[in-house]
Amino acid sequence: MPRRYDPDRRRRIVDAAIRVVGRDGIAGLSHRSVAAEADVPLGSTTYHFATLEELMVAALRQTNENFGRVLAERLPENGEGDLAADLARALGVWLGGERTGVELEYELYLAALRRPALRPVAAEWTDQAAALLARRTNPLTARALLALMDGICLQVLLTGGSYDEEYARAALARLIPRSGDRHVRRGSP
């Protein structure tokens, strides 16, 4: 039987891994479960990803793109206006989507605590998100805003509560320097 050309197979395998983790958690992730989900031979998963760590890295990278996309859309490069409100709306969009997808993204993100191979990807995402936020404030405030946003998301996810956009806006606003604040200016660390 001739070999079938399948240029999207790697991407389908990563998508399948994301679905498996979303359904069964990281504990349910195996080459065999992903191959079955992607409807590809087991050898295809091990060909593209020699280890489960490699597969998780690819899955985490792909899921990181989702929130990065939401932030980029909500924070235009030269945007002005209420940054706290823009960020609170972005969190609302993200948390207002399919909750399973958000939980999956955090599960993969937090897996870096126990899986060192994922740490550079988590750090990469943090750096990219902070850079997006720093377009509208200074780098130190950008990191603080990102940490608060992570905390708000985790609280919503872990408690099963609903997202309160006004609370998020008020909390985020407390971290953003007023325009006349000379201690922390745009571009300063």
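Now for a quick tour of the structure. Since this is a predicted model, take the numbers as computed values, not measurements. (Residues numbered from 1 in each chain as written. Predicted model: local features only at pLDDT ≥ 70, side-chain atom pairs only at ≥ 80, totals over all residues. Heavy atoms only, no water.)

Some points on the packing of aromatic side chains
Next, step 1: Evaluated as defined, the whole model comprises three aromatic pairs.
Next, step 2: Site record: aromatic cluster; members linked through ring pairs are Trp94, Tyr106, Tyr109 and Trp125. (Phe/Tyr/Trp six-rings, centres within 6.5 Å; stacked < 30°, edge-to-face > 60°.)

What about helix H4 (residues 52–74)?
Next, step 1: Helix length check: H4, at 23 residues, gives a terminal C-alpha distance of 34 Å against a target of 33 Å (1.5 Å per residue), a fit within 8%.
Next, step 2: Of all the residues in H4, the buried ones are Leu55, Met56, Val57, Ala58, Ala59, Leu60, Gln62, Thr63, Asn64, Phe67, Val70 and Leu71.
Next, step 3: At its buried positions, H4 is contacted by helix H1 (9–24), helix H2 (31–38), helix H5 (83–96), helix H6 (99–110), helix H7 (119–134) and helix H8 (139–159). (Helix = DSSP H or I, 4+ residues; strand = E, 2+ residues; numbered from the N terminus. Expected span 1.5 Å × (residues − 1). Buried < 20%, exposed > 50% of the residue type's maximum accessible area, 1.4 Å probe, protein only. Contact = heavy atoms within 4.5 Å.)

As for the nonpolar core
Next, step 1: With 58 residues, the main nonpolar core has Leu71, Leu87 and Leu133 as its most contacted residues.
Next, step 2: Those elements that provide at least two residues to this core are H1, H2, H4, H5, H6, H7, H8 and helix H9 (165–175).
Next, step 3: The contacts of Leu87, once residues within four sequence positions are left out, are Leu71, Leu75, Leu133, Leu145, Met149 and Leu172. (Core = buried A, V, L, I, M, F, W, Y, C linked by side-chain atoms within 4.5 Å.)

A word on unusual backbone geometry
Next, step 1: At Asp39, a residue that is not glycine, the phi angle is positive and equals roughly 55°.
Next, step 2: Within the secondary structure, Asp39 is located in the loop between H2 and helix H3 (42–48).
Next, step 3: On the basis of relative accessible area, Asp39 is assigned to the exposed category, the value being 70%.

Points about the packing of H5 against H9
Next, step 1: The geometry of H5 relative to H9 is characterised by a closest axis approach of 8 Å and an angle of 140° between their N-to-C directions. Taken as axis vectors, H5 and H9 run oblique relative to one another. Relative to H9, the crossing made by H5 is right-handed. Facing H5, whose interface residues are Ala84, Ala85, Leu87, Ala88 and Arg89, H9 presents Glu165, Ala168, Arg169, Leu172 and Ala173.
Next, step 2: Split into classes, the residues belonging to the contact of H5 with H9 amount to seven nonpolar, no polar and three charged. (Axes fitted to C-alpha atoms, helices over the stretch in contact; angles between N-to-C directions. Parallel < 35°, antiparallel > 145°, perpendicular 65-115°, else oblique. Left-handed = near helix turned anticlockwise from the far one by under 90°. Nonpolar A, V, L, I, M, F, W, Y, C, P; charged D, E, K, R; others polar.)

With respect to the packing of H4 against H5
Next, step 1: Orientation of H4 relative to H5, taken along the N-to-C sense of each, is 145°, at an axis distance of 10 Å. Where H4 crosses over H5, the two elements pack in a sense that is right-handed. Mapping the contact onto sequence places Phe67, Val70, Leu71 and Arg74 in H4 and Asp86, Leu87, Ala90, Leu91, Val93 and Trp94 in H5.

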